[in-house]
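The primary structure of each chain is shown beneath.
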Amino acid sequence: PETAILSVAKMKDRVVVVDGEIAIRPIAYLALSADHRIVDGATVAEFLQELQRILENPYLMCLV
């Protein structure tokens, strides 16, 4: 059985505000569904935030 399931939506160009200016950036939505009998929701949220940080800064995958 799965403890958590990560879903990744299709990446699309979307309008966002970057440094106070409107820009078009590729955005993908991630969702993580977890079994709270096994893992705490705060831990799941921390994992998703760390995954976001790494995806937004791919050079972090090279650091050991």
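Our subject is the structure listed above.
### Quick word on the overall build of the protein
Okay, so step 1: Per the secondary structure count, the protein includes 1 helix and 4 strands.
Okay, so step 2: For the protein, the N- to C-terminal ordering of α and β elements is β-β-β-β-α.
Okay, so step 3: A compact globule built from 64 residues should have a C-alpha radius of gyration of about 11 Å, whereas the protein, at 15 Å, is more than 25% larger.
Okay, so step 4: Viewed in the frame of its principal axes, the protein has a C-alpha envelope of about 45 × 30 × 20 Å.
Okay, so step 5: The long-range share in the protein, meaning contacts at least 24 apart out of those at least 6 apart in sequence, stands at 32%.
Okay, so step 6: Surface accessibility of the protein: about 5,600 Å² in total, with carbon and sulfur atoms responsible for 59%.
Okay, so step 7: Here the protein carries 6 positive and 9 negative side-chain charges, and the mean point of each set is 9 Å from the other.

Rules used in this analysis
- Residues numbered from 1 in each chain as written.
- Predicted model: local features only at pLDDT ≥ 70, side-chain atom pairs only at ≥ 80, totals over all residues.
- Heavy atoms only, no water.
- Helix = DSSP H or I, 4+ residues; strand = E, 2+ residues; numbered from the N terminus.
- Rg over C-alpha atoms; globule rule 2.2 N^0.38 Å.
- Contact = heavy atoms within 4.5 Å.
- Areas by Shrake-Rupley, 256 points an atom, 1.4 Å probe, with all protein chains shown as cover.
- Lys, Arg positive; Asp, Glu negative; His and termini not counted.
- Charge placed at Lys NZ, Arg CZ, Asp CG, Glu CD.

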